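Chain by chain, the residues:
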Amino acid sequence: MGRSPSEHASGAVAHGLTIRYRRAATAAVDDVTLRFDNGVNALVGRNGAGKTTLLNAIVTMQRVHAGQLSVLGVNLPATERDRLQLMRQVGFLPQQFGYIPGFTVQEFLEYAAWLKRVPTTARPEFIADALALVDLTAHRRTKLGRLSGGMLRRAGIASAVVHRPRLLALDEPTAGLDPEQRIRFRDTLRGLAADRCVVISSHLIEDVKAIADHVLVMEGGRAVFAGSVPEMLAEEDPKMPGDTPLERAYTALVQRANQTRQASA
Amino acid sequence: MKRPFLIELRHSGFRYWAPIFALAGATIGWLNSFPRIAAWVSIESSMLDVAYFLTPFLAGAGAWEGLRDERRRVEYARRTSAIPAPLSVLPRYLGGIAWVVAAWICIALVLVLRSMLIGLYGVPEPILLLHSLALVLSFTTIGFALAETIQHWSAIPVATVLPLALYGATLAGRAGDVATWINIFRKYVAIDASLPNAMFFGGAALVSVGAAVVFAAASFIRRRAYRSPAILTMIVAGAVIVSGLGVMIGQQGRTSREPAPAELAFITLNDADTGLTIRVREHYAPVADELTDTWSRIADLFSESDLAFDKLEQQLDSDHQGAPQGFARLYLNPQSTEIARFSVEGALVDVMNCTQAGQDGPAGDFGLGGVVVMQAWLTGDTALGVGAWSNDPRVVDALDRLYSLDNASARAWVQAHTANIRSCEWDASDFQP
């Protein structure tokens with residue numbers, strides 16, 4: 001693993017990754033080992049399972065306390081120079097992202113492109129592509145404060161991909177979208193993941209089944225499963241609660257992990 | 001950088017604050033300007049007053065704007081940006097600063113236009129104008145820097161309190177002591193009113209530079225790897241700011257220098273009827289007629305007495321020491337709305353023996369009443385206003401009697417009572433037919 005982002009490195013690789021919050025009794029992310037390559041990588045788990053903390057660590061917003069984390073070949077924590085280089089290749093959208101209501105969609109993307117050091121001459125083309133990707137070209141002059149919830153999230157996604165990142169991290173990207181928007185968003189995500197590493201966190205199993213190439217199930221800060229959707233389906237226990245096989249597999253994995261933890265405690 | 005700056009310029013919270021600051025500043029500047037005359041020194045002084053008034057608001061607004069990303073929950077964009085932290089906040093800072101500069105220019109333009117309508121005299125001292133600009137920019141920057149450092153709404157009251165604390169220290173009269181204590185350059189600072197006050201502006205420059213460094217360092221404080229050097233830099237820059245403030249306050253707020261006599265421009269006013277000449281600084285031209293009319297009448301009244309005069313010269317300060325006991329000096333107060341009347345009252349201090357500290361008071365059975373009547377008559381007051389004197393029939397009658405005299409009789413009366421005027425020794429009978 002090198003100091004600068006490598007073109008051939010995996011999206012994110014972690015070994016024994018541990019992250020703690022101040023005054024917290026337990027680690028938010030506890031001894032997690034993972035590997036995210038190109039394609040859609042889904043972080044699944046209930047609220048407080050550690051998904052957001054892990055995403056924040058991948059985008060360098062969260063400090064790593066123990067273990068190793070490498071993003072696009074850059075070991076974290078990195079020097080400021082390397083971190084800035086890495087950030088040119090990383091896109092991020094938090095679950096509840098804020099915005100300046102007076103900014104137009106175009107201005108929002110121009111600003112995002114500037115923050116990601118997209119060359120001035122390339123910006124118009126990059127912004128046009130991002131707008132087209134989320135189907136907001138016709139609304140580029142609309143103020144963010146006037147967009148619907150779904151359109152706003154699409155604008156947020158456009159800001160996260162405007163610099164054509166090699167790793168895209170999206171926290172609960174389908175939250176607040178109506179069914180039609182979710183279906184369209186899945187298509188968008190599939191397109192994005194064709195040539196880059198996309199990491200999404202979600203507690204919606206349907207979304208995971210529809211788009212994920214790789215799934216990491218988290219419970220209590222720990223990774224309790226890592227593998228493909230078919231591999232996860234193999235964990236299904238018909239006796240467990242859930243409406244779909246994947247949901248029953250998820251609840252089985254979570255219950256098994258909790259039983260193991262209680263036994264060891 | 002240009003495009004983000006333009007976006008921030010368009011959306012800066014200061015676009016709402018700036019018109020308010022401009023309006024408040026122009027109003028305060030207008031009210032603090034010389035009411036009857038116009039000179040660059042008045043504009044510069046007013047701009048400084050405005051700057052001092054606005055600093056708490058600017059610092060608070062700077063902190064408020066500096067917290068925008070936190071308020072709007074968009075700090076993630078900066079924290080995952082690919083450009084250094086100080087650079088990522090620069091467009092927003094510059095956007096806000098541009099609005100502050102625009103407000104400052106509006107205030108200055110209002111004061112200059114007002115002065116031009118009255119009749120603007122003198123030459124501007126650019127450093128004084130720049131000083132007022134530096135003040136508003138410094139405290140806006142301090143507000144931004146505090147927001148970057150604290151990253152909590154409490155940055156707003158902290159930023160506001162900082163200049164207010166300086167006001168408080170000044171009002172409490174302790175600012176000088178505090179300044180002496182915190183001013184590490186105190187051994188090298190001396191107040192010489194005849195020299196340009198380079199130290200004062202040096203202090204202001206230290207505050208400005210320190211604020212900018214604190215702002216830049218504060219932007220690095222989030223990065224764990226840079227936290228220690230950033231804090232160290234901020235401490236050093238904070239010390240620079242404190243020293244700068246110490247230098248400024250240590251100069252007792254003296255921002256200007258006393259111009260050398262050779263630098264002053266005078267005009268001479270002539271009255272053909274009495275032959276009176278009055279020499280005053282050029283910016284008193286707007287009140288030339290008022291001065292000439294007032295003093296021609298007095299010159300005429302005293303023309304047959306041994307207090308007769310045909311020449312008056314403006315005294316550049318209000319010190320009556322060494323003045324001849326007669327009409328020779330003209331004391332002018334640029335802040336007064338009644339400059340001519342003020343000048344008469346000032347001149348009478350030289351003429352009357354009873355008006356200065358250490359002298360005997362008025363004498364005779366109508367001593368003080370006589371002095372009041374003379375002041376009112378010579379300044380041209382026909383009424384004595386509301387108060388004890390306007391209810392005293394002897395005073396009212398005496399004033400009526402003097403105003404009823406024709407010119408020749410008035411001159412004769414003054415000639416006959418010159419000694420009373422000098423000594424403030426009056427009997428009621430002096431004002432009776």
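Structure first, text after, so check above.
I will try to describe carefully the structure that is included in this document.

Here is what the cut-offs are and how they apply
- Residues numbered from 1 in each chain as written.
- Chains lettered and ligands numbered in written order.
- Predicted model: local features only at pLDDT ≥ 70, side-chain atom pairs only at ≥ 80, totals over all residues.
- Heavy atoms only, no water.
- Helix = DSSP H or I, 4+ residues; strand = E, 2+ residues; numbered from the N terminus.
- Buried < 20%, exposed > 50% of the residue type's maximum accessible area, 1.4 Å probe, protein only.
- Contact = heavy atoms within 4.5 Å.
- Areas by Shrake-Rupley, 256 points an atom, 1.4 Å probe, with all protein chains shown as cover.
- Pairing = 2+ DSSP bridges.
- Axes fitted to C-alpha atoms, helices over the stretch in contact; angles between N-to-C directions.
- Salt bridge = Lys/Arg side-chain N within 4 Å of Asp/Glu carboxyl O.
- Polar contact = N/O pair within 3.5 Å; in protein donor to acceptor, adjacent residues only side chain to side chain.
- Buried area = accessible area lost by both parts, 1.4 Å probe.
- Nonpolar A, V, L, I, M, F, W, Y, C, P; charged D, E, K, R; others polar.
- Phe/Tyr/Trp six-rings, centres within 6.5 Å; stacked < 30°, edge-to-face > 60°.
- Lys NZ or Arg CZ within 6 Å of the ring centre and 35° of its normal.
- Parallel < 35°, antiparallel > 145°, perpendicular 65-115°, else oblique.
- Left-handed = near helix turned anticlockwise from the far one by under 90°.

Counting its secondary structure elements, chain A contains nine helices and 10 strands. Looking at chain A as a whole, 55% of its 265 residues are labelled buried. Within chain A, counting contacts between residues at least 6 apart in sequence, those at least 24 apart form 67% of the total. For chain A, the computed accessible surface area is about 11,800 Å², with 47% contributed by carbon and sulfur atoms.

Here we come to helix H3 (residues 105-115) of chain A. With respect to burial, H3(A) is a largely interior element, 11 of its 11 residues being buried. Of the surrounding secondary structure, the elements contacted by the buried residues of H3(A) are helix H4 (123-133) and helix H5 (149-161) of chain A together with helix H1 (2-11), helix H5 (75-79) and helix H6 (85-118) of chain B. Once H3(A) finishes, Arg117(A) follows within two positions and takes phi at roughly 60 degrees, a positive value.

Residues and elements named next belong to chain B. Across the sheet, four strands lie side by side as E3-E4-E5-E6; this open sheet has mixed pairing. Only two strands of the sheet have a single partner each, and these edge strands are strand E3 (266-271) and strand E6 (329-331). Each neighbouring strand pair of the sheet contributes to a mean axis angle of 25 degrees, computed without reference to strand direction. As paired elements, strand E4 (residues 276-281) and strand E5 (residues 311-315) share three bridges and run parallel to each other.

Another aspect to go through is the pattern of salt bridges. Where side chains of opposite charge bring their charged atoms close, a pairing between them can arise. This structure, assessed with the given rule, holds 27 salt bridges over all chains. We note a salt bridge from Glu110(A) to Arg3(B), for which the minimum N-O separation is 2.3 Å. Here Arg3(B) lies in helix H1 and Glu110(A) lies in helix H3, a pairing that spans two chains. Given the relative accessible area of 11%, Glu110(A) is considered buried. A salt bridge links Asp69(B) to Arg92(B); the nearest nitrogen and oxygen atoms lie 3.4 Å apart. One end of the pair, Asp69(B), is in helix H4 (residues 68-71); the other, Arg92(B), is in helix H6, and 23 residues separate them in sequence. For Asp69(B), a relative accessible area of 4% corresponds to the buried category.

As a further point, take the side chain of Arg68(B). Locating Arg68(B) in the fold gives a position in helix H4. Classification of Arg68(B) by relative accessible area gives buried; the value is 7%. Here Glu8(B) takes part through its side chain, which lies 2.8 Å from a polar atom of the side chain of Arg68(B). Beyond its immediate sequence surroundings of up to four residues, Arg68(B) is in contact with Ile100(A), Phe103(A), Glu8(B) and Arg92(B).

Turning our attention to the pairing of strand E3 (residues 39-44) of chain A. Put simply, side chains in a regular strand alternate between the two faces of the sheet. Residue and element names in this part refer to chain A. Along E3, six of the six residues are buried, which leaves the element largely enclosed by surrounding structure. As paired elements, E3 and strand E9 (residues 214-219) share four bridges and run parallel to each other. Residue pairing across strands places Ala-42 opposite Val-215, the latter belonging to E9.

A few words on the sheet that holds strand E6 (residues 90-93) of chain A. Residues and elements named next belong to chain A. Pairing is mixed in the open sheet, where six strands are placed in the order E6-E7-E8-E3-E9-E10. The open sheet is flanked by E6 and strand E10 (222-227), the only strands paired with a single partner. Mean inter-strand twist for the sheet, computed between neighbouring axes without regard to direction, equals 15 degrees. Contacts from helix H1 (residues 51-58) reach E3, E6, strand E7 (167-171), strand E8 (197-202) and E9, with the element oriented near 150 degrees to E7.

On the chain B side, the residues contacting the 28 residues of chain A number 26 residues. Regarding the contact of chain A and chain B, the summed buried area is about 2,700 Å², with carbon and sulfur atoms giving 60% of it. Of all residues in chain A, Tyr111(A), Trp114(A) and Leu115(A) bury the most surface against chain B, accounting for 24% of the area lost on that side. Here chain A and chain B share two salt bridges between them. Linking chain A to chain B there are 12 residue pairs in polar contact (both at pLDDT 80 or more). Examining the composition of the side of chain A that touches chain B, we find that six residues originate from one element, H3(A), more than from any other. A breakdown of the residues in the side of chain A that touches chain B according to their chemical character gives 16 nonpolar, four polar and eight charged.

Looking now at the packing of aromatic side chains. For the structure shown, the criterion picks out 16 aromatic pairs over all chains. In this arrangement the basic side chain of Arg164(A) is found over the ring face of Phe126(A), its NZ or CZ atom lying 3.8 Å from the centre. Across the ring face of Trp64(B), the terminal group of Arg71(B) is positioned such that the distance to the ring centre comes to 3.8 Å.

Once that is clear, we can look at the packing of H1(B) against H6(B). Residue and element names in this part refer to chain B. Following both chains from N to C, one finds H1 and H6 inclined at 50 degrees, their axes separated by 8 Å at the closest point. Taken as axis vectors, H1 and H6 run oblique relative to one another. Crossing of H1 against H6: the hand is right-handed. For the pair formed by H1 and H6, the contact residues are Pro-4, Phe-5, Glu-8 and Leu-9 on the first element and Pro-91, Arg-92, Leu-94, Gly-95, Ala-98 and Trp-99 on the second.

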